Amino acid sequence: MIPAIEKDSLENIKIFQEQKLAELLSYISQNSPFYKRLFAGRNIDLSQIKTLEDLQHLPVTTKEDLQQFNDDFLCVPQHKIIDYASTSGTLGDPVTFGLTDSDLDRLAYNEAISFACAGIAEGDVVQLMTTIDRKFMAGLAYFLGLRKLKVGVIRVGAGIPELQWDSILKYKPSYLITVPSFLLKLIEYAEAHGIDYNHSSIKGAICIGESLRNQDFSMNTLSKKITEKWNIQLFSTYASTEMSTAFTECEHGIGGHHHPELIITEVLDENNNPVKEGEAGELTFTTLGIEAMPLLRFKTGDIVQLHTSPCACGRNTLRVGPVIGRKKQMIKYKGTTLYPPAMNDVLSDFDAIENHIIEISTNDLGTDEILIKIAAKNQSPELLSQIKDHFRAKLRVTPKIEFASKETLNPLVFNPMSRKPIRFFDYRKTNL
């Protein structure tokens with residue numbers, strides 16, 4: 001199930017996207033209070049925007065814009081809203097997104113072609129190990145996409161390894177949709193209860209919320225830990241509520257494939273200019289085909305690299321590499337630029353570490369200070385020394401590290417009000 005446009009030539013893909021861009025600009029200039037005001041206030045002549053390169057002449061949209069003017073982005077009357085979703089609020093106040101009936105169809109299409117990219121097909125059964133409530137768009141999107149693919153869905157929800165295994169053994173799903181670190185808990189439970197997980201029905205897992213790969217697409221520590229024990233294929237997928245679109249890996253695992261019929265992507269530098277090919281920058285997107293709340297040049301805050309080399313799967317679309325980090329979470333420490341994912345990866349190398357959080361603050365000199373709190377099975381000076389040495393070897397710097405109890409860290413990491421584990425706490429006086 002590869003849409004024809006994704007196998008077309010790069011030239012035709014560009015022409016197609018430029019036609020869709022013209023439709024979008026016409027639509028939001030007539031229907032979006034926010035963009036109507038923006039275009040008028042800056043005297044923008046949309047007739048001059050004809051190519052993808054011309055996007056550079058238009059202003060970007062930020063998360064702060066969405067938070068401050070949330071309702072002004074709505075392009076339809078309220079009675080047309082069928083579903084209300086909200087962002088997770090990881091980097092600020094949550095933002096509400098309304099979806100029309102047409103938007104829900106688009107969402108289903110997006111997930112159907114994304115799951116098909118990972119090899120899921122009619123006849124498969126998939127265990128959904130994420131929440132579908134709490135205005136969580138992704139859980140609903142997964143269900144709608146699998147339904148469109150005519151795939152069986154087991155809506156177990158998040159957590160509880162015993163319940164997950166009861167369902168796996170009873171219904172025999174072929175794929176799981178889950179946060180990858182939870183797969184380690186499934187393995188641990190299976191080993192403790194004599195479940196032969198390598199002879200279960202599971203062939204693969206679509207992994208959300210955490211990275212599986214290094215920047216060169218080699219497996220990172222987390223994915224190695226999983227696959228060294230459990231012989232299943234892992235697929236990474238990257239998405240956000242704002243984009244209503246996913247970038248999902250195919251079987252070749254070299255980045256999440258772009259769907260040109262759904263989204264225009266840019267990678268921008270600090271001055272909102274496109275980075276050179278192969279360089280990392282902030283992923284910025286323009287949504288296509290959204291009726292209720294389309295977005296123009298929306299800056300995600302995620303630092304990524306785009307890849308354009310051919311993929312053996314037959315798609316000619318660009319691919320988004322693993323997220324390097326979030327712009328607002330960038331840390332300058334002893335002359336080195338760090339992002340939390342890199343520190344998480346270092347800590348993943350230690351089986352003794354049961355949980356951790358990363359706290360960033362501003363010291364008396366006005367520079368960033370890092371404190372990592374660790375819950376470990378065997379707390380010892382030797383373990384602390386090994387962790388510090390590993391940081392020095394991998395990242396060239398050693399942050400301050402101290403032990404804490406699981407009882408202290410678990411409520412912080414697994415906050416019941418959050419959909420995702422929270423490990424990063426930013427107490428800096430002025431966030432970047």
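Residues numbered from 1 in each chain as written. Predicted model: local features only at pLDDT ≥ 70, side-chain atom pairs only at ≥ 80, totals over all residues. Heavy atoms only, no water.

A.B. asks: Help me understand the UniProt feature "domain: AMP-dependent synthetase/ligase" (unreviewed entry) in the protein chain, please; the structure alone is not making it clear to me.
C.D. replies: Residues annotated in UniProt with the feature "domain: AMP-dependent synthetase/ligase" (unreviewed entry) correspond here to residues 150-285. Across residues 150-285 one finds 24% helix and 28% strand; the C-alpha atoms that close the span lie 30 Å apart. (UniProt positions renumbered as here; feature names shortened; annotations may be inferred. Helix = DSSP H or I, 4+ residues; strand = E, 2+ residues; numbered from the N terminus.)

A.B. asks: Explain the domain arrangement of the protein chain to me, please; I cannot follow it from the model alone.
C.D. replies: Accessible area lost when the parts come together is the quantity often used to give the size of an interface. Entries for the protein chain in the domain assignment read domain 1 (1-326) and domain 2 (330-426). A C-alpha centroid distance of 28 Å is found between domain 1 and domain 2. Across the contact, 16 residues belong to domain 1 and 12 residues belong to domain 2. Carbon and sulfur atoms make up 45% of the surface buried where domain 1 meets domain 2, a total of about 1,200 Å² over both sides. Three residues, Arg134, Thr221 and Lys225, lead the burial of domain 1 against domain 2; their summed loss comes to 34% of the area buried on that side. Our enumeration of links across domain 1 and domain 2 arrives at 1 salt bridge. Notably, a salt bridge pairs Lys225 with Asp351, separated by 3.0 Å at the nearest N-O pair. Our count for the domain 1 to domain 2 interface comes out at 5 residue pairs in polar contact (both at pLDDT 80 or more). At the level of secondary structure, the elements contributing two or more residues to the side of domain 1 that touches domain 2 comprise α9 (221-229) and β14 (325-326). Considering each element in turn, the side of domain 1 that touches domain 2 owes the most residues, 3 residues, to α9. (Domains from an automatic or database assignment. Contact = heavy atoms within 4.5 Å. Buried area = accessible area lost by both parts, 1.4 Å probe. Salt bridge = Lys/Arg side-chain N within 4 Å of Asp/Glu carboxyl O. Polar contact = N/O pair within 3.5 Å; in protein donor to acceptor, adjacent residues only side chain to side chain.)

A.B. asks: Explain the state of the cysteines here, please?
C.D. replies: Two cysteines form a disulfide when their sulfur atoms are joined by a covalent bond. For the structure shown, the criterion picks out 0 disulfides. Cys311 provides the cysteine sulfur closest to Cys313, a residue in no disulfide bond, and the two sulfurs are 3.6 Å apart. (Disulfide = S-S within 2.5 Å.)

A.B. asks: Honestly, the packing of helix α2 (residues 10-31) against helix α3 (residues 33-41) in this entry has me stumped. Any pointers?
C.D. replies: When two helices pack together, their arrangement is captured by the angle between the axes and the distance separating the axes. At a closest axis distance of 6 Å, the pairing of α2 and α3 adopts a crossing angle of 95°. Viewed along their axes, α2 and α3 adopt a mutual orientation that is roughly perpendicular. Taking contact as the criterion, the partners of Ile28, Ser29, Gln30 and Asn31 in α2 are, on α3, Pro33, Tyr35, Lys36 and Phe39. Along the lines of polarity and charge, the residues of the contact of α2 with α3 split into 4 nonpolar, 3 polar and 1 charged. (Axes fitted to C-alpha atoms, helices over the stretch in contact; angles between N-to-C directions. Parallel < 35°, antiparallel > 145°, perpendicular 65-115°, else oblique. Nonpolar A, V, L, I, M, F, W, Y, C, P; charged D, E, K, R; others polar.)

A.B. asks: Sorry if this is basic, but what is going on with the side chain of Asn355 here?
C.D. replies: Mapped onto the fold, Asn355 is located in strand β17 (residues 353-362). In terms of polar contacts, Asn355 uses its side chain to reach the side chain of Asn410, at 2.7 Å. In contact with Asn355, other than residues within four places in its own chain, are Lys373, Ile374, Ala375, Leu409, Asn410, Val413, Phe414 and Arg423.

A.B. asks: Where do I start with the environment of Ile202 in this structure?
C.D. replies: Its location among the elements puts Ile202 in the loop between α8 (180-192) and β6 (204-207). The exposure class assigned to Ile202 is buried, which follows from its relative accessible area of 6%. With sequence-adjacent residues up to four places away left out, Ile202 is seen in contact with Ile168, Pro173, Ser174, Leu176, Trp230 and Ile232. (Buried < 20%, exposed > 50% of the residue type's maximum accessible area, 1.4 Å probe, protein only.)

A.B. asks: Where do I start with helix α6 (residues 137-148) in this structure?
C.D. replies: Three- or four-residue spacings in an α-helix give side chains the same orientation, since the helix completes a turn every 3.6 residues. Along its 12 residues, α6 runs 16 Å from first to last C-alpha, staying within 8% of the 16 Å computed at 1.5 Å per residue. Along α6, 9 of the 12 residues are buried, which leaves the element largely enclosed by surrounding structure. Residues Met137, Ala138, Gly139, Leu140, Ala141, Tyr142, Leu144, Gly145 and Leu146 constitute the buried set of α6. Looking at the packing, one finds that the buried side of α6 touches β1 (83-86), β2 (96-99), α5 (101-117), β3 (125-128), β4 (152-155) and β5 (175-178). In the segment just after α6, Lys150 is the residue with positive phi, at about 60°. (Expected span 1.5 Å × (residues − 1).)

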